[in-house]
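Chain residues, written in single-letter form:
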Amino acid sequence: MLVSEGNPGAGNPWAGRRVLVTGHSGFKGSWLALWLHALGAEVTGFALPAPTDPSLFAAARLTGLIRHVEGDVRDPAAVRRVVAEARPEMIFHLAAQPLVRLSYREPVETYATNVMGTVHVLEAARQAEGVAGIVCVTSDKCYENREWVWPYRESDPMGGHDPYSSSKGCAELVVSAYRNSFFSEGGPAVASVRAGNVIGGGDWAEDRLVPDLVRAFRQGAAPVIRSPEAVRPWQHVLEALGGYLMIAERLLAGEARFADAWNFGPADDDARPVSWIVDRMKAAWGDGASAAMPFSGARPHEAGLLRLDCSKARAALGWRPALALEDAIDWIVEWHRAVDDGHDPRAVTLAQIAEYRRRAGHGSAAGAPAAGTMAA
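In this text the structure is predicted, and so the values were computed from the model without any measurement.

Asker: I'd like a rundown of the environment of Leu-306, residues and numbers included.
Answerer: Within the secondary structure layout, Leu-306 lies in the loop between β13 (293-294) and α10 (311-317). Residues Leu-306 and Pro-151, 155 residues apart in the sequence, show an inter-C-alpha distance of 7.1 Å.

Put into structure tokens, the structure is as follows:
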């Protein structure tokens with residue numbers, strides 16, 4: 001795939017905007033930083049070094065497109081410094097310890113990053129001038145999971161069995177407290193966003209289903225599956241990011257009612273068990289994909305059933321998924337196949353962003369047709 005990045009176009013709310021993205025060296029942050037740059041934003045990224053090798057951050061050569069600042073959200077002075085220097089109009093806070101199983105091994109690091117890191121970003125924004133809005137990215141796992149069939153709504157209680165999930169629930173409480181205590185009568189408009197299990201090309205994290213499958217298939221090995229019957233709200237990374245951008249655009253426009261909590265998840269019938277994802281990925285990958293093997297080691301607790309109610313985003317934003325889960329998996333396989341065949345990862349990623357924008361068509365920069373063109 002090839003893409004022409006083109007001009008962001010007239011009427012684009014992101015053209016020339018100063019934007020700070022924390023966690024831009026991670027999988028989701030790299031996709032977001034590329035999208036914002038393609039829209040014409042002046043992007044500063046603040047993050048630790050890329051958490052994996054390889055990484056989309058390195059493969060897409062993000063340091064050549066945006067201002068890259070290496071730092072840790074656990075360091076309040078560093079956070080204050082980057083906010084003061086970047087003078088952002090919008091902050092997307094994605095920096096996090098994002099893995100459930102790692103949180104069992106590193107609970108202190110998980111809470112320090114996910115909870116106090118959020119405090120440090122909000123506090124730095126509170127002391128700065130010119131920040132119009134903040135979008136804090138948490139997780140669908142922030143809810144008190146009761147293992148029931150009903151999807152969780154934004155008004156349901158926060159909770160979390162494991163340190164990761166608990167830390168995301170805590171981060172949501174921090175966002176709510178800052179919104180009510182400091183930003184209710186001025187200052188940045190703060191929203192929190194809770195996405196499902198995001199998947200996409202360029203994710204090489206450990207202990208995530210799709211990257212584990214890609215690694216196994218590329219090596220001709222049998223993937224090892226921990227919880228084949230666990231149900232998750234799977235969605236392509238661009239679905240979640242499109243929702244984040246739509247919320248941010250409303251905050252930039254001064255629409256205070258969007259400073260709230262928001263779910264972004266797949267259509268109800270795309271909350272699928274792990275086994276379905278494995279079978280669909282195997283079929284899409286084709287030659288070289290081996291049958292899965294069950295995991296035989298110790299398994300700490302992970303939620304068995306999780307669904308999100310996204311009716312609020314559909315009603316208030318007009319947001320809805322643009323990709324069926326089958327298409328999302330095809331896009332992942334196409335991304336990795338194209339990169340393995342020698343295509344430029346940045347161009348492949350931008351091509352999928354352009355095609356997603358064409359399909360979404362929500363009437364905002366997040367969903368409006370892209371100026372670039374996409375060709376196979």
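Asker: Can you lay out the pattern of salt bridges for me, pointing to particular residues and giving the numbers?
Answerer: Enumeration according to the criterion identifies 19 salt bridges in this entry. Between Arg-61 and Asp-344 there is a salt bridge, with the nearest N and O atoms lying 2.8 Å from each other. Of this pair, Arg-61 sits in the loop between α2 (56-59) and β4 (67-70) while Asp-344 sits in the loop between α11 (325-340) and α12 (345-360), placing them 283 residues apart in sequence. The class for Arg-61 is partly exposed, based on a relative accessible area of 38%.

Asker: Describe in detail the sheet that holds strand β6 (residues 133-137), supporting the description with residues and values.
Answerer: Strand order across the open sheet formed by seven strands is β4-β3-β2-β5-β6-β7-β11, with parallel pairing between neighbours. Looking at strand neighbours, the two that pair on one side only are β4 and β11 (261-264), the edges of this open sheet. Pairwise comparison of adjacent strand axes, ignoring direction, gives a mean angle of 20° for this sheet. Strand direction decides the pairing type here: strand β5 (residues 90-93) and β6, joined by four bridges, are parallel. Looking across to β6, one finds that Ile-91 is bridged to Ile-134. Most of the contacts of helix α6 (residues 163-181) go to strand β7 (residues 189-195), to which it runs at about 160°, and overall it touches β6, β7 and β11. Each of β5, β6, β7 and β11 is contacted by helix α8 (residues 237-252), which is oriented at about 155° to β6, the strand it contacts most.

Asker: Got a sec to walk through empty space enclosed by the protein? Specific residues and values, please.
Answerer: Any empty space left between the atoms is revealed when a probe the size of a water molecule rolls over them. Tallied over the entire structure, the rule returns three cavities of 30 Å³ or more. Taken as a whole, the second largest cavity spans an internal volume of roughly 70 Å³. Lining the second largest cavity are His-93, Leu-94, Ala-95, Ala-96, Thr-113, Asn-114, Thr-118, Cys-136, Val-137, Thr-138, Lys-168 and Ala-171. Those elements that provide at least two residues to the lining of the second largest cavity are α5 (107-127), β6 and α6. A class-by-class count of the residues in the lining of the second largest cavity yields six nonpolar, five polar and one charged.

Asker: Before we move on, could you go through the pairing of strand β2 (residues 18-22) and cite the residues and values that matter?
Answerer: Of all five residues making up β2, four are buried, and the element is well covered by its neighbours. In this structure, β2 lies alongside strand β3 (residues 42-47), joined through five bridges in parallel fashion. Its bridge partner being in β3, Val-19 is matched across the sheet by Val-43. The β-α-β motif built from β2, the intervening helix α1 (residues 27-38) and the parallel element β3 has right-handed crossover chirality. Pairing of β2 with β5 involves four bridges; the strand directions are parallel. Considered in β5, the bridge of Thr-22 is made with His-93.

Asker: Describe the nonpolar core, and please don't skip the residues or the numbers.
Answerer: Judged by nonpolar contacts, the single largest core of 66 residues is most densely connected at Trp-14, Leu-36, Phe-92 and Tyr-244. Element by element, the count of residues in this core is highest for α8, at eleven residues. Those residues in contact with Tyr-244 that lie beyond four places of it in its chain are Lys-28, Phe-92, Val-135, Val-137, Val-193, Ala-195 and Phe-264. With 24 residues, the next largest nonpolar core counts Val-69, Ala-124, Val-131 and Val-174 among its residues.

Thresholds applied
- Residues numbered from 1 in each chain as written.
- Predicted model: local features only at pLDDT ≥ 70, side-chain atom pairs only at ≥ 80, totals over all residues.
- Heavy atoms only, no water.
- Helix = DSSP H or I, 4+ residues; strand = E, 2+ residues; numbered from the N terminus.
- Salt bridge = Lys/Arg side-chain N within 4 Å of Asp/Glu carboxyl O.
- Buried < 20%, exposed > 50% of the residue type's maximum accessible area, 1.4 Å probe, protein only.
- Pairing = 2+ DSSP bridges.
- Axes fitted to C-alpha atoms, helices over the stretch in contact; angles between N-to-C directions.
- Contact = heavy atoms within 4.5 Å.
- 1 Å grid on protein atoms, 1.4 Å probe; cavity = no way out; pocket = protein on both sides within 12 Å on 5 of 7 lines; lining within 4 Å.
- Points joined across faces, edges and corners; volume = space filled by probe spheres on them.
- Nonpolar A, V, L, I, M, F, W, Y, C, P; charged D, E, K, R; others polar.
- Right-handed = clockwise from strand over helix to strand, strands pointing away.
- Core = buried A, V, L, I, M, F, W, Y, C linked by side-chain atoms within 4.5 Å.

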